[in-house]
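Residue-level listing of the chains:
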Amino acid sequence: MPPAAATKLGHTPPDGGWGWAVVFGAFISIGFSYAFPKSLTIYFKEIQEYFSVSYSEIAWLSSVMLASMYAGGPVSSILVNRFGSRPVVMVGGLMVSAGMVLASFGRTIMHLYICVGVIGGFGLALNLQPALTIIGTYFQVKRPMANGLAMAGSPVILFTLAPLNQFLFDSFGWRGSFLILGSIVLNCCVAGALMRPVNRKPGAEAGCNRPPAEEAATPEADPLTGEHRGGGGSHGCLKKLIDVSLFKHRGFLIYLIGNVVMFFGFFAPVVFMAPYAKHQGIDEYSAAFLLSIFALVDMFTRPATGFIGNSKWIRPRIQYFFSFAVSFNGVCHLLCPLLPGYAGLVVYAVIFGLAFGMVCALLFEVLMDLVGAHRFSSAVGLVTIIECAPVLLGPPISGALVDIYGEYKSMYYACGVFMLVPGIFFFIMHYFNYKRLEEEKKQSVAVDMRTCEEELKPKMSQDGGRAHEADG
């Protein structure tokens, strides 16, 4: 097992015990957060015909929901820092349930935007971020493995919801289905109840036994950038809510820039997978089954990626592994239009499930690797609020391409470019980042050695003087 990076959590993560129950709760919470917007695409064609709207307009439904989930990140971060993960997740489950129940009475597409998109999306934000944060407080050495298992919740729940939604639609229509889904999503409240705060046993890290006031007043050097971070006055109060000093963090900025571009093409291929199959004349159940195949492969890929990422060969350079996963997604989308018929779509669903699962398993682990678990809550909040723009605009832009050209090939080509470019960007920038970190580490060791020598010289001089006096 590779050594874990040092943390500044103020306690030693147990790396097990009740932490596995927390992982199970996060599995459910994260699963609904990511799978729920995707699973609703089963209803898109029928809702589109019911309200007589375009491909672009119906794509806004999942986009608004995902964008609200991402835009709610900073609010979720503040609530988690103030109240902890458990109550925030439970409130989020209630909000998603209320949004779906209200949407079942919708009379216009705008009504669905507000109920499913805004209310439901914000409820998912209160499910996602706390679940990601609490894993970092329970795990350190086994953290990539725990993150991979928790992130596997999305494909497992999607694999279940995709055919279930088709059955519900056939039996109850989309209105009755939304009402039933509102009750199913209340399982997030049960998941939140499992997220007990960690029993904080003081660890061996320096400074963890100091009182909060002393920690706030003492500047500490960031291990990734070498910059000193201090908190005092209003700045210290702000950092207790959300750490905006992360915008000076080199690794965080690399992650943020690449992800903003990547998210323009990240969700659209999933959103349009079933409609693309129906456009080719494939029946509804076979089209829905593509999502199940995708989710099944994704389901096994995420924990496998977590285990691989936790190995001694990959974890020290896990950012390269993430760069490969993003690039692999881009190549997958560029090849999709070249695969003919339903058999080609099945092959695409398998390869896409593999590529998508790798990215999702590593997406937040690499952020935690860059900024540390102690700053992760603020980092994920800042990332999600900025990413909400490409998440919001990506599927509608893709839908507009379908409306303009009357086919889906251009949409898949565009998504492939949006994924491949940031993948190459990550490879290049992390090469220089790792190189810079090694240089800073050597400089830090040299400074520490000089400091120790300077401290020892006066002491040795005093000891020599005392010895001389004793001889005299």
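The rules behind the values
- Residues numbered from 1 in each chain as written.
- Predicted model: local features only at pLDDT ≥ 70, side-chain atom pairs only at ≥ 80, totals over all residues.
- Heavy atoms only, no water.
- Helix = DSSP H or I, 4+ residues; strand = E, 2+ residues; numbered from the N terminus.
- Axes fitted to C-alpha atoms, helices over the stretch in contact; angles between N-to-C directions.
- Parallel < 35°, antiparallel > 145°, perpendicular 65-115°, else oblique.
- Left-handed = near helix turned anticlockwise from the far one by under 90°.
- Contact = heavy atoms within 4.5 Å.
- Nonpolar A, V, L, I, M, F, W, Y, C, P; charged D, E, K, R; others polar.
- Buried < 20%, exposed > 50% of the residue type's maximum accessible area, 1.4 Å probe, protein only.
- Arc of directions from axis to C-beta.

**Q** Looking at this model, I keep getting lost on unusual backbone geometry. Mind explaining?
**A** Where the residue is not glycine, phi is negative for most of them; where a peptide bond is considered, it is trans in most cases. For S52, which is not glycine, the phi dihedral falls at a positive 55°. You can see S52 is positioned in the loop between α2 (44-51) and α3 (55-71).

**Q** Explanation requested: the packing of helix α1 (residues 19-39) against α3 in the structure shown.
**A** The relative placement of two packed helices is expressed as an angle between their axes plus a distance between the axes. At a closest axis distance of 9 Å, the pairing of α1 and α3 adopts a crossing angle of 160°. As judged from the angle between their axes, α1 and α3 are roughly antiparallel. α1 and α3 meet at a crossing whose hand is left-handed. Two secondary-structure elements touch here, α1 through S33, Y34, F36 and P37 and α3 through S62, M65, L66, M69 and Y70. Classifying every residue of the contact of α1 with α3 by side-chain character gives seven nonpolar, two polar and no charged.

**Q** Looking at this structure, how should I read helix α7 (residues 143-151)?
**A** The α-helix winds at 3.6 residues per turn, so residues separated by three or four positions along the chain end up facing the same way. The buried fraction of α7 amounts to eight of the nine residues, a majority that puts the element mostly inside the structure. For α7, every residue scored as buried is listed here: R143, P144, M145, A146, N147, G148, A150 and M151. Summarising the contacts, the buried residues of α7 are in contact with α1, α6 (109-138), α8 (153-184), α15 (284-309) and α17 (341-371).

**Q** How do you make sense of helix α4 (residues 73-83) when you look at a structure like this?
**A** Of all the positions in α4, only G73, P74, S76, S77 and V80 are classed as buried. When α4 is viewed along its axis, its buried side chains cluster within an angular range of 160° and face the same direction. The exposed set on the far side of α4, more than 90 degrees from its buried face, consists of R82 and F83. For α4, the secondary structure elements touched by its buried residues are α3, α5 (85-103), α6 and α18 (373-405). Immediately beyond the C-terminal end of α4, within one or two residues, lies G84, with a positive phi of roughly 95°.

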